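Coordinates in review
Each chain, letter by letter, is given below.
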Amino acid sequence: MRKSFQYRIYPNRKQEVALEKTLTTCRYTYNNALTERKRNADINRLEKSFDVFPWGYQDWINYYDQVKTPKTEYQEELHSQVYQNALKRVEKSFQNFFKGAGYPRFQGRNRYNSFTYPQAGYSIKDDKLTLSKIGSVKIILHREIQGKIKTCTIKKDVDQWYVSFSCQIDIPIVPIEIKTKIGIDVGLKSLVTFSNGQQIEPPKYLRASEKRLAREQIHLSKKKKGSKNRNNQRIKVARVHRRIKYQRKDFNQKLSTNLVTKYDHVVFEKLQIINMLKNHCLAKSIVDASWSQLINLTIYKAEYAGKIVELVNPNGTSQTCICGHHVPKTLSVRVHNCPSCGLVLDRDHVSAMVIENRSKNSTAGIAGIQARQRTLNREPMKREAPDF
Ligand SMILES: [Zn+2]
């Protein structure tokens, strides 16, 4: 399996300039390749509408065509694989588009924030990460890298730099007997509710940071467009964002470890993030709580431990009783009151129990290999593997 390890790196002034330059050239490479493909698509569309096929078939540009085009002076300065990787990202985003993702977008300065050495061009010795065409950058390895490093990605996060190693780890899965099962409801009011009634609130410092973010964003909206003040404020906002991102990840890390340690079979709802985001009043909470990060981390850790994470159909989990009776309630109704069986309980607690009940009845005798199968057959992930 793949696992990624992220570390902060500390480039000196000169190295930072080189990093920025690489990032910019990669972004231009990406955007230019995208332009070329869009133009190609336009021509094909025209030819189709006029029913003209000069070569008998439509000609689509792919990665191999683009990698053959002569490099610019700036592109010549890049490590060749870093350059190829930028083009491969275009290919990847088109593949994702054909699978149903959005049409590939042009990448702005604040959006395109990483470049990758897919095989070679980097090495680590002591506290130095040597990057081809950049130099030896100081790195703090706060934890050991496991497995074999497959790719090395350099990321810029506002004003800090990170390296992320994607590593191949081959760990034999030890079969375990599945004995304990828990259903998890990820609600809006309290972050997480277990089917045993336990509730976990997001930590206070996270709430505090979120309030601060809201405040800084109001300041930002008041600054004049294009002014230096506005840019400074934008950086301030981005920094608070970053802090929240790490605090949230920390919380999710601890919670997922806890879940996998305590339970053999963890049941979540299958989240429909895209639908949820369309609902504006829910959007903030959904994004904030980053449920999918929690679920992905839990899946990864379960895979290690030979345990099961199951994602069940989310339809109406908050509107159903464990007896099967339909109990409709709006978001403001916090207590579930079933007219059929008389159950009166916190709504999230009931949802968690409904989620647990929806899982396949597989509490006995499931070996680790099957668990592994189950987790491997999960929905394809939209993002890359979570960082540990
Ligand atoms: Zn009932």
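Now for a quick tour of the structure. (Residues numbered from 1 in each chain as written. Predicted model: local features only at pLDDT ≥ 70, side-chain atom pairs only at ≥ 80, totals over all residues. Heavy atoms only, no water.)

1. Overview of the overall build of the protein chain
- The number of helices and strands found in the protein chain is 11 helices and 14 strands.
- When each of the 388 residues of the protein chain is scored for burial, the buried share is 43%.
- Taking the contacts inside the protein chain whose residues are at least 6 apart along the sequence as the reference set, 71% of them involve residues at least 24 apart.
- With an accessible surface of roughly 21,900 Å², the protein chain has 53% of that area assigned to carbon and sulfur atoms. (Helix = DSSP H or I, 4+ residues; strand = E, 2+ residues; numbered from the N terminus. Buried < 20%, exposed > 50% of the residue type's maximum accessible area, 1.4 Å probe, protein only. Contact = heavy atoms within 4.5 Å. Areas by Shrake-Rupley, 256 points an atom, 1.4 Å probe, with all protein chains shown as cover.)

2. Some thoughts on the sheet that holds strand β10 (residues 199–200)
- Taken together, five strands build an open sheet; the order of strands is β10-β9-β8-β11-β12 and the sheet is mixed. For this open sheet the edge positions go to β10 and β12 (308–312), each flanked by a neighbour on one side alone.
- Relative to strand β9 (residues 192–194), strand β8 (residues 181–186) runs antiparallel, the two being bridged by three bridges. From the neighbouring strand, Ile184 faces β9, where its bridge partner is Phe194. (Pairing = 2+ DSSP bridges.)

3. A closer look at helix α10 (residues 347–358)
- For α10, which comprises 12 residues, the first-to-last C-alpha distance of 17 Å matches the rise-based estimate of 16 Å (1.5 Å per residue) to within 8%.
- Within α10, nine of the 12 residues are buried, which leaves the element mostly enclosed by the surrounding structure.
- Listed in full, the buried residues belonging to α10 are Arg347, Asp348, His349, Val350, Ser351, Ala352, Met353, Val354 and Ile355.
- Put simply, Asp346 is the residue that caps the front of α10, since its side-chain oxygen is 3.0 Å from the backbone nitrogen of Asp348. (Expected span 1.5 Å × (residues − 1). Polar contact = N/O pair within 3.5 Å; in protein donor to acceptor, adjacent residues only side chain to side chain.)

4. Some remarks on the coordination of the zinc ion
- Within the first shell, the zinc ion binds the protein through Cys321 (SG), Cys323 (SG), Cys338 (SG) and Cys341 (SG), at distances of 2.2 to 2.3 Å.
- Metal-centred angles of 108 to 113 degrees between the four donor atoms at the zinc ion mark the site as tetrahedral.
- In primary-sequence terms, the residues that donate to the zinc ion follow C-x1-C-x14-C-x2-C. Residue Cys323 is located in the loop between β12 and β13 (335–337), and its partner Cys341 is located in the loop between β13 and β14 (344–346); the two are separated by 18 residues in the primary sequence.
- Classification of Cys323 by relative accessible area gives partly exposed; the value is 40%. (Donors = N, O, S within 2.8 Å, 3.2 Å for Na, K, Ca; no water. Tetrahedral: all angles 85-135°; square planar, octahedral: opposite > 155°, others 65-115°.)

5. Focus on the sheet that holds strand β4 (residues 128–131)
- Pairing in this open sheet of seven strands is antiparallel, and the strands run β2-β6-β7-β1-β5-β4-β3 from one edge to the other. In the strand order of this sheet, the two ends are held by β2 (114–117) and β3 (122–125), each with one partner. For this sheet, the mean angle separating the axes of adjacent strands, direction not counted, is 35 degrees.
- Two strands pair when backbone bridges link them, and β4 and strand β5 (residues 135–139) are joined in this way by four bridges, in the antiparallel orientation. (Axes fitted to C-alpha atoms, helices over the stretch in contact; angles between N-to-C directions.)

6. Section: the nonpolar core
- Counting residues in each nonpolar core, the largest one holds 38 residues, and the members touching the most others are Tyr117, Leu131, Ile154, Val163 and Phe165.
- In terms of residue count, helix α1 (residues 13–49) provides more of this core than any other element does, seven residues in total.
- Once residues lying within four places of it in the same chain are set aside, the contact partners of Ile154 are Ile9, Leu19, Asn113, Ser114, Phe115, Tyr117, Leu129, Leu131, Trp161, Tyr162 and Val163.
- Core analysis: the second largest hydrophobic core is formed by 20 residues, Phe194, Phe251, Val266 and Ile299 among them. (Core = buried A, V, L, I, M, F, W, Y, C linked by side-chain atoms within 4.5 Å.)

7. Looking at the pattern of salt bridges
- Enumeration according to the criterion identifies 12 salt bridges in this entry.
- Through salt bridges with shared partners, a single network forms among Asp159, Arg239 and Arg242. (Salt bridge = Lys/Arg side-chain N within 4 Å of Asp/Glu carboxyl O.)

8. Things to note about the side chain of Ser114
- Looking at the element boundaries, Ser114 is found in strand β2.
- Residues within four places of Ser114 in sequence aside, it is in contact with Leu23, Arg89, Thr153, Ile154 and Lys155.

9. A word on the pairing of β12
- Burial within β12 is extensive, with four of its five residues counted as buried.
- Pairing between strand β11 (residues 265–269) and β12: five bridges, direction parallel. Counterpart to Val266 in the pairing with β12 is Val309.

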